[in-house]
Amino acid sequence: MRLTTKGRFAVTAMLDLAMHARDGAVSLTAISERQHISLSYLEQLFGKLRRAGLVDSIRGPGGGYVLRQQAELINIADIVAAAEDTLDATQCGGSANCQDGNPCLTHHLWANLNKTIDNYLRGISLQCVINQQQERHGGHKATIALTQIH
């Protein structure tokens, strides 16, 4: 099992958005420049994030994206789920038909890992990660490069 670039970049972009949204809508161009993520890739990701109800788009001059909810209410699991097609350690996609229609010997092990990861990521909000970043950088609200998360 692995978290793909989609999930990692989605979390990074959402953190950047949360950190800069206090000033209004944030353009994908600004996120792209700060986080070194291609603009076309961000456009695809933000389409998924918008459909998942995590962000709203603002059109026109000064437009961009804003969080649909406060950063305290958005957890990392929801961001990853919106971006990833699946995040699953089982070979059967969780359907328990790994071996001739039956669960394989390790099915429950990997299924439990999925639950553990999901529970862990559900317990972490965007605001929690922002707070951790600010603590690491001496409490400064300055623009923090989130590339450490990649």
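Residues numbered from 1 in each chain as written. Predicted model: local features only at pLDDT ≥ 70, side-chain atom pairs only at ≥ 80, totals over all residues. Heavy atoms only, no water.

## Points about the packing of helix α1 (residues 5–20) against helix α6 (residues 126–136)
Line of reasoning, step 1. Here α1 crosses α6 at 80 degrees, and the two axes come no closer than 10 Å. Relative to α6, α1 is oriented roughly perpendicular. Mapping the contact onto sequence places Met14, Leu15, Ala18 and Met19 in α1 and Leu126, Val129 and Ile130 in α6.
Line of reasoning, step 2. Class assignment for the residues of the contact of α1 with α6 results in seven nonpolar, no polar and no charged. (Axes fitted to C-alpha atoms, helices over the stretch in contact; angles between N-to-C directions. Helix = DSSP H or I, 4+ residues; strand = E, 2+ residues; numbered from the N terminus. Parallel < 35°, antiparallel > 145°, perpendicular 65-115°, else oblique. Contact = heavy atoms within 4.5 Å. Nonpolar A, V, L, I, M, F, W, Y, C, P; charged D, E, K, R; others polar.)

## Describing the pattern of salt bridges
Line of reasoning, step 1. Throughout the structure, instances matching the rule amount to four salt bridges.
Line of reasoning, step 2. Notably, a salt bridge pairs aspartate 56 with arginine 68, separated by 2.5 Å at the nearest N-O pair. Residue aspartate 56 is found in strand β1 (residues 55–58), and its partner arginine 68 is found in the loop between β2 (64–67) and α4 (76–83); the two are separated by twelve residues along the sequence.
Line of reasoning, step 3. Exposure remark for arginine 68: the relative accessible area of 44% places this residue in the partly exposed category.
Line of reasoning, step 4. Here arginine 122 and aspartate 118 are joined by a salt bridge, their closest N and O atoms 3.0 Å apart. With arginine 122 and aspartate 118 both in helix α5 (residues 107–122) and four residues apart, the pair spans about one turn of that helix. (Salt bridge = Lys/Arg side-chain N within 4 Å of Asp/Glu carboxyl O. Buried < 20%, exposed > 50% of the residue type's maximum accessible area, 1.4 Å probe, protein only.)

## Focus: the pairing of β1
Line of reasoning, step 1. Relative to β2, β1 is paired through four bridges, and the arrangement is antiparallel. Bridge pairing in β2 places serine 57 opposite tyrosine 65.
Line of reasoning, step 2. Counting the residues that bridge the hairpin from β1 to β2 gives five residues, and of these glycine 60 lies at a positive phi of roughly 95 degrees. (Pairing = 2+ DSSP bridges.)

## A look at a nonpolar patch on the surface
Line of reasoning, step 1. A cluster of nonpolar side chains, namely Leu109, Trp110 and Leu113, defines an oily patch on the protein surface of about 260 Å² accessible area.
Line of reasoning, step 2. Within the secondary structure, leucine 113 is located in helix α5.
Line of reasoning, step 3. By relative accessible area, which is 32% here, leucine 113 ends up partly exposed. (Patch = residues over 30% accessible without salt bridge, like charges linked within 9 Å, V, L, I, M, F, W, Y side chains within 5 Å. Areas by Shrake-Rupley, 256 points an atom, 1.4 Å probe, with all protein chains shown as cover.)

## Points about the packing of α1 against helix α2 (residues 28–35)
The relative placement of two packed helices comes down to the angle between their axes together with the axis-to-axis distance.
Line of reasoning, step 1. Between α1 and α2, the least distance of the axes is 10 Å, while the angle of their chain directions is 115 degrees. What the angle tells us is that α1 and α2 run roughly perpendicular. Crossing angle aside, the handedness with which α1 passes α2 is right-handed. In this structure, α1 contributes Thr12, Ala13, Asp16, Leu17 and His20 to the contact, and α2 contributes Ile31, Arg34 and Gln35.
Line of reasoning, step 2. Within the contact of α1 with α2, the residues separate by chemical class into three nonpolar, three polar and two charged. (Left-handed = near helix turned anticlockwise from the far one by under 90°.)

## A closer look at unusual backbone geometry
Line of reasoning, step 1. One non-glycine residue, histidine 36, adopts positive backbone phi at about 60 degrees.
Line of reasoning, step 2. Inspection of the secondary structure assignment puts histidine 36 in the loop between α2 and α3 (39–51).
Line of reasoning, step 3. Judged by relative accessible area, histidine 36 falls into the exposed class, the value being 65%.

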